[in-house]
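# Structure assessment
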Amino acid sequence: MKIRFYGARGSHPTAVPIDRIEKIQKNIWDLARKSSAKTWSQFQKEIKTKPHSFASTYSCHTTCIEILSEGSPMPIYVDMGTGLSAAAGDLASGLNNDKFKADSGEAAFFITHTHWDHIIGLPTLYRLYKPGNEFHFYGAHKGLKKRIAGLFNKNYFPVEFDLLEDRLHFHELRKDEQIPFGKLKISTASQPHPGTSFAYRFEYNHKIFVIATDTDLSNTMASSFPKGKNIYSGATMVAVDSHFTHEDYLQRKTHGHPSIERVVDFAASEEINNIMLTHHNPAYDDEFLDALLESAYTYLRSKYGERHPLRFQLPIEGNQFNL
Ligand SMILES: [Zn+2]
Ligand SMILES: [Zn+2]
């Protein structure tokens, strides 16, 4: 499976402010003056020794994760945040494969929930308006079609739903259901979040990717798994909501997002060693996200020991991981 993060920002998209861009320019200038690099690639290697925020940004778009797999009959997207427009603009994405170029493409969306930041990218997906393309929507919320149709209402958007309806197909999953999808096995499990959200597990060729965003992680068990197992069991990589610092979590306990310390405790107790920290708080700039990443390691080492194998990463927009 190829997993590509087209959006990892939570709640709403963010732009990189001009003062941050100016700081990045200054960082690069200062480094260049001291550098002995003779080529651009040598200088890039020096930049990479710095925290990511030194010269770049993590993610501006909201949640959209692409899964491409030879075992899947079509490209899969988890959520349709504004990252969907980044996917549509990337020539390497499944939305620009040969079938879509011939206006006979097919794609599937697995929807964690329908809060704005997870669906708002759909109406501007230009492939939607090309007759011949077909789209499948999977989700475990009741009334999934009505929720998506509500995006295409002339009070909010110029195109009405009935113009698209024939080419959009809705598949309501049962809570905690497992389905075959081509040669993939896809499972879902409900999560604690206002209005309920759903985690998804994608399994193919002994590799397992789980996305668990918009959850406060207070109840992580799923009934469809055998006793002692759950949706995370044996996962190769898990992308987990990491929206809050401990202090911010205490102020916003009802928002349905965890503190970074709870993410560490969750990963350690589930014995997951590869965690992508996603749904970045839009109030946290890139330097703060680097500090949040470091705080995860500080907490891990102090509570679970220096040698604990758990590793965290912050996804960078457009990053691809091959599982
Ligand atoms: Zn969200
Ligand atoms: Zn949400």
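Quick summary incoming for the structure in this document. No experiment lies behind these values; they were computed from the predicted model shown.

Before going further, it helps to examine the nonpolar core. Membership of the largest hydrophobic core comes to 69 residues, with the highest contact counts inside it found for Ile65, Tyr77, Phe109, Val210, Val238 and Val263. Apart from residues no more than four positions distant in its own chain, tyrosine 77 is found in contact with Cys64, Ile65, Glu66, Leu84, Ala87, Ala107 and Phe109.

Let us look at the sheet that holds strand E2 (residues 64–68). Spatial ordering of the open sheet is given by E6-E5-E4-E3-E2-E1-E14, a layout of seven strands whose pairing is mixed. Only two strands of the sheet have a single neighbouring strand rather than two, namely strand E6 (168–172) and strand E14 (320–322). The mean inter-strand angle of the sheet, taken between neighbouring strand axes irrespective of direction, is 20°. Inspection of the sheet shows strand E1 (residues 2–7) paired to E2 by five bridges, in the antiparallel sense. What sits directly across from phenylalanine 5, in E2, is isoleucine 65.

Note that cysteine 64 resides in strand E2. Taking the number of C-beta atoms within 10 Å as the measure of exposure, cysteine 64 has 27 and is therefore buried. In the structure, cysteine 64 is positioned 77 residues away from histidine 141 in sequence and 18 Å away in space, judged by C-alpha atoms. If sequence neighbours within four positions are ignored, cysteine 64 has contacts with Tyr6, Gly7, Tyr77, Asp79, Met80, Gly81, Gly83, Leu84, Ala87 and Gly121.

Calculation criteria
- Residues numbered from 1 in each chain as written.
- Chains lettered and ligands numbered in written order.
- Predicted model: local features only at pLDDT ≥ 70, side-chain atom pairs only at ≥ 80, totals over all residues.
- Core = buried A, V, L, I, M, F, W, Y, C linked by C-beta atoms within 7 Å.
- Buried ≥ 20, exposed ≤ 12 C-beta atoms within 10 Å, placed from the backbone.
- Contact = placed C-beta atoms within 7 Å.
- Pairing = 2+ DSSP bridges.
- Helix = DSSP H or I, 4+ residues; strand = E, 2+ residues; numbered from the N terminus.
- Axes fitted to C-alpha atoms, helices over the stretch in contact; angles between N-to-C directions.

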